[in-house]
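Listed below are the residues making up each chain.
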Amino acid sequence: MTTVRRRRAAAAFAAGTVLLTGAAGALAPAAHAAPSPAAAPPGTGLYGTKDPQWDGVFRQSLAFLAQQATGVEPAEEAVGWLLAQQCDNGGFPSYRADTSAPCPADQPLDSNATALALQALKGVDSHGDEPAKAREKAKGWLRGNQNKDGGWGFNPGFPSDANSTSLAIGALASTGERPGDVLSADGKSPYDALLAFAVPCTAGKGPGAFAYQPGKGGELVPNDDATAAAVLGGLGKHLLAKGIEPGQQPSCEDPAKPSAERAARNGAAYLASVLESKGHIPLPPVPGATEAPADRPDLGNTADAVVALYAAGHGDKAAKAVELLKKDGPAWAKEAGPAAYAQLVLAARAAGADPRDFGGTDLVRELNATGPKPASTPEERAQEKAEAEKKAQEEEGYGVGFWLVIGAFALAGVGIGFLLSGRGKKR
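Note that this is a predicted model, so its numbers are computed, not measured.

Trainee: Report on the pattern of salt bridges, specifying residues and quantitative values.
Mentor: Under the defined criterion, the tally for this structure stands at 16 salt bridges. Between Asp181 and Arg178 there is a salt bridge; the shortest N-O distance is 3.1 Å. With a relative accessible area of 61%, Arg178 lands in the exposed category. For Glu379, the salt bridge goes to Arg356, with nearest N and O atoms at 2.8 Å. Placement of Glu379 in helix H15 (residues 378-426) and of Arg356 in the loop between helix H13 (338-351) and helix H14 (363-368) is noted, with a sequence separation of 23 residues between them. On the basis of relative accessibility, which here comes to 44%, the residue Glu379 falls in the partly exposed class. We classify Arg356 as partly exposed; its relative accessible area is 23%.

The following block contains the structure:
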């Protein structure tokens with residue numbers, strides 16, 4: 001999954017129409033060449049306070065997914081903000097400041113934002129049937145902008161990349177589609193595109209990993225971020241995938257007939273080796289740097305790798321990474337914002353940990369605090385249910401007491417009647 005930091009870095013490096021590939025592709029998928037309109041101050045429905053120009057829709061959608069995974073219903077105005085970002089053709093931009101008018105014809109649209117919004121709008125309860133209609137339009141846009149090789153690029157017309165293709169697979173899977181049946185004009189599926197990014201097990205560097213995109217000469221440079229995304233995509237899963245019980249030991253194999261699932265399992269074997277040896281995904285080198293960076297953890301990519309490994313059944317290989325996220329994740333998310341909190345929530349959920357007590361931090365509460373007050377939370381619903389039950393018991397108790405009193409008066413009346421009748425007979 002593309003983290004917010006990477007999306008902003010991509011925007012900074014996307015000068016002209018240059019698309020980052022090869023070594024530069026290890027940093028991020030390239031953003032569109034033309035920026036969105038000048039970013040206006042975030043609206044009341046937006047999560048986070050930082051400039052949303054490059055990641056507004058992305059972080060809003062990621063926040064929704066994390067909330068839904070923990071039983072939180074997003075605020076009505078937050079849902080309205082996301083719905084208003086969609087263009088009439090069904091695609092979403094990274095962010096547009098002016099939603100009072102239709103999207104201009106040259107509005108750059110973002111396949112990553114569209115894929116996440118498609119998933120995020122699935123579980124909302126407000127705005128009637130608008131979310132369902134928005135999802136259908138977004139799905140239609142994704143299908144209509146599939147590249148001939150079966151994959152997707154960051155923007156329509158851009159070469160396919162592993163991250164964008166994997167997010168689109170997850171989005172389509174969330175609608176009940178069979179991604180393998182979504183074919184391009186050339187009859188290629190998204191899984192065909194993913195296979196083009198898979199590093200062979202015989203490679204000297206990063207065997208089993210995925211490249212973001214092939215380099216100019218067709219070389220495949222291992223990319224940890226792309227690998228985490230492609231493991232989910234190759235398995236046909238999305239970001240809300242739950243961890244499964246560990247199965248066979250991870251291994252890298254190059255069968256005579258390649259498959260996306262086998263490539264995804266090779267990617268999981270690569271991630272398992274990295275997390276077991278280092279305990280984290282290291283920060284990638286900065287393009288143009290003359291020296292390799294110190295081995296420091298990239299917490300966003302580490303969280304994504306944890307989700308991928310648990311989804312592949314190798315969560316036992318991510319134990320050290322989960323402990324690192326518990327220790328350093330909350331402070332990182334406090335600085336990075338809602339998308340980072342969401343990544344930690346999804347990692348905790350996949351690992352079977354409690355997002356409301358992750359290293360002593362209630363990630364759900366902290367995420368909720370970055371946006372408008374949620375429409376409801378499990379705690380509020382539990383309290384309302386308890387109060388309703390208490391009220392019902394009190395009313396039931398009142399009813400029983402009332403009829404007991406009536407019964408007592410009735411018995412007393414019968415006794416008085418007998419007494420008066422007896423007195424009359426004596427007379």
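Trainee: Break down the packing of aromatic side chains for me, with residues and values.
Mentor: Taken as a whole and assessed by the stated rule, the structure comprises two aromatic pairs. Here the aromatic rings of Tyr47 and Phe64 are separated by 6.1 Å at their centres, their planes lie at 80°, and the arrangement is edge-to-face. Separated by 17 residues along the polypeptide, Tyr47 in the loop between helix H2 (22-25) and helix H3 (56-69) and Phe64 in helix H3 bring together distant segments of the chain. Neither Tyr47 nor Phe64 differs from the other in exposure class; each is buried. Geometrically, the ring pair formed by Trp81 and Tyr95 is stacked, given 6.1 Å between the ring centres and 15° between the ring planes. Placement of Trp81 in helix H4 (residues 76-85) and of Tyr95 in the loop between H4 and helix H5 (111-120) is noted, with a sequence separation of 14 residues between them. Tyr95 carries the same exposure label as Trp81, and that label is buried.

Trainee: Please set out the state of the cysteines residue by residue, giving values where relevant.
Mentor: Enumeration over the complete set of coordinates arrives at two disulfides. Covalently, Cys87 is tied to Cys103 through a disulfide, its sulfur atoms 2.0 Å apart. Taking the sign of the torsion about the S-S bond as the criterion, the disulfide between Cys87 and Cys103, at about -85°, is left-handed. Separated by 16 residues along the polypeptide, Cys87 in the loop between H4 and H5 and Cys103 in the loop between H4 and H5 bring together distant segments of the chain. Here Cys87 falls in the buried class, since its relative accessible area comes to 3%. With its sulfur 2.0 Å from that of its partner, Cys201 forms a disulfide with Cys252. Between Cys201 and Cys252 the sulfur-sulfur dihedral comes to about -90°; the bridge is accordingly left-handed. Here Cys252 lies in the loop between helix H9 (224-234) and helix H10 (260-278) and Cys201 lies in the loop between helix H8 (190-195) and H9, a separation of 51 residues in the sequence.

Trainee: Tell me about the side chain of Thr165, residues and numbers included.
Mentor: Mapped onto the fold, Thr165 is located in helix H7 (residues 162-174). What makes Thr165 buried here is its relative accessible area of 0%. Not counting residues up to four positions away in its chain, the partners in contact with Thr165 are Gly151, Trp152, Ser160, Pro190, Ala193, Leu194 and Phe197.

Trainee: So what's going on with the packing of H5 against helix H6 (residues 130-144)? Residues and values would help.
Mentor: Between H5 and H6, whose axes approach to 9 Å, the crossing angle comes to 145°. Between H5 and H6 lies a crossing of left-handed hand. The residues of H6 that touch H5, namely those facing Ser111, Thr114, Ala115 and Leu118, are Arg135, Ala138, Lys139, Trp141 and Leu142. Partitioning the contact of H5 with H6 into residue classes produces five nonpolar, two polar and two charged.

Trainee: Explain the environment of Cys87 to me, and be specific about the residues and the numbers.
Mentor: As a C-alpha pair, Cys87 and Lys137 span 50 residues in sequence and 9.4 Å in three-dimensional space. Contacts of Cys87, omitting those with residues within four sequence positions, involve Pro93, Cys103, Gln107, Leu109 and Lys137.

Trainee: Would you mind going over unusual backbone geometry in detail, with residue names and values included?
Mentor: In the Ramachandran plot, His127 falls in the positive-phi region, its phi being about 65° despite a non-glycine side chain. Mapped onto the elements, His127 comes out in the loop between H5 and H6.

Trainee: I'd like a description of the confidence of the model for the chain, backed by residues and values.
Mentor: Residues with a pLDDT of 70 or more make up 82% of the chain, whose mean pLDDT is 86. Note that pLDDT drops below 50 for residues 8-41; the model gives that stretch 83 contacts with residues more than four away or on any other chain.

Trainee: Could you give me a rundown of H5, with the residues and numbers involved?
Mentor: Among the ten residues that make up H5, ten are buried, leaving the element largely enclosed by the rest of the structure. Among the residues of H5, those classed as buried are Ser111, Asn112, Ala113, Thr114, Ala115, Leu116, Ala117, Leu118, Gln119 and Ala120. Two or three places before Asn112, at the start of H5, stands the capping residue Asp110, its side-chain oxygen 2.8 Å from that residue's backbone nitrogen.

Trainee: I'd like a rundown of the side chain of Thr227, residues and numbers included.
Mentor: Summarising the element assignment, Thr227 is placed in helix H9. For Thr227, the contacting residues outside a window of four places in its chain are Ala209, Phe210, Gly267, Tyr270 and Leu271.

Trainee: Give a detailed account of the environment of Gln60, specifying residues and quantitative values.
Mentor: Along the chain, the position of Gln60 falls in helix H3. In this structure Gln60 comes out as buried when scored by relative accessible area, which is 0%. Sequence separation between Gln60 and Ala342 is 282 residues, and the spatial gap between their C-alpha atoms is 9.8 Å. Excluding residues within four positions of it along the chain, Gln60 makes contact with Gly45, Leu46, Tyr47, Ala78, Trp81 and Leu82.

About the thresholds
Sequence order as written defines the numbering, with residues in each chain counted from 1. In view of the model being predicted, local features appear only for residues whose pLDDT reaches at least 70, and side-chain atom pairs are presented and counted only at 80 or more, with totals across whole chains, interfaces and linings using the full set of residues. Only heavy atoms go into the side-chain values, all of them from the structure, while hydrogens and water stay out. The salt bridge criterion pairs a side-chain nitrogen of Lys or Arg with a carboxyl oxygen of Asp or Glu, the two atoms within 4 Å. To sort residues, take the accessible area from a 1.4 Å probe on protein chains only and compare it with the maximum for the residue type: under 20% means buried, over 50% means exposed, and anything in between is partly exposed. Only DSSP runs of H or I covering at least 4 residues are called helices, and only runs of E covering at least 2 are called strands; the numbering of each starts at the N terminus. Side-chain rings of Phe, Tyr and Trp (the six-membered ring for Trp) are treated as a pair once their centres are within 6.5 Å; stacked means planes under 30 degrees apart, edge-to-face means over 60, and tilted covers the remaining angles. For this text, the term disulfide refers to a pair of cysteine sulfurs within 2.5 Å. Note on contacts: a residue pair qualifies if any of its non-hydrogen atoms lie within 4.5 Å across the two residues. With axes taken as lines fitted to C-alpha atoms, and helix axes fitted only over the stretch in contact, angles between N-to-C directions fall between 0 and 180 degrees. The hand of a helix crossing depends on one turn: near helix anticlockwise from the far one by less than a right angle means left-handed, and clockwise means right-handed. Residue polarity follows a fixed list, in which Ala, Val, Leu, Ile, Met, Phe, Trp, Tyr, Cys and Pro are nonpolar, Asp, Glu, Lys and Arg are charged, and the others, Gly among them, are polar. Residue-level confidence of the predictor, termed pLDDT, takes values from 0 up to 100. As used in this structure description, the phrase polar contact means that two N or O atoms lie within 3.5 Å; if the pair is within protein, one of them must be able to donate a hydrogen and the other to accept it, and residues adjacent in sequence are counted only when both atoms belong to side chains.

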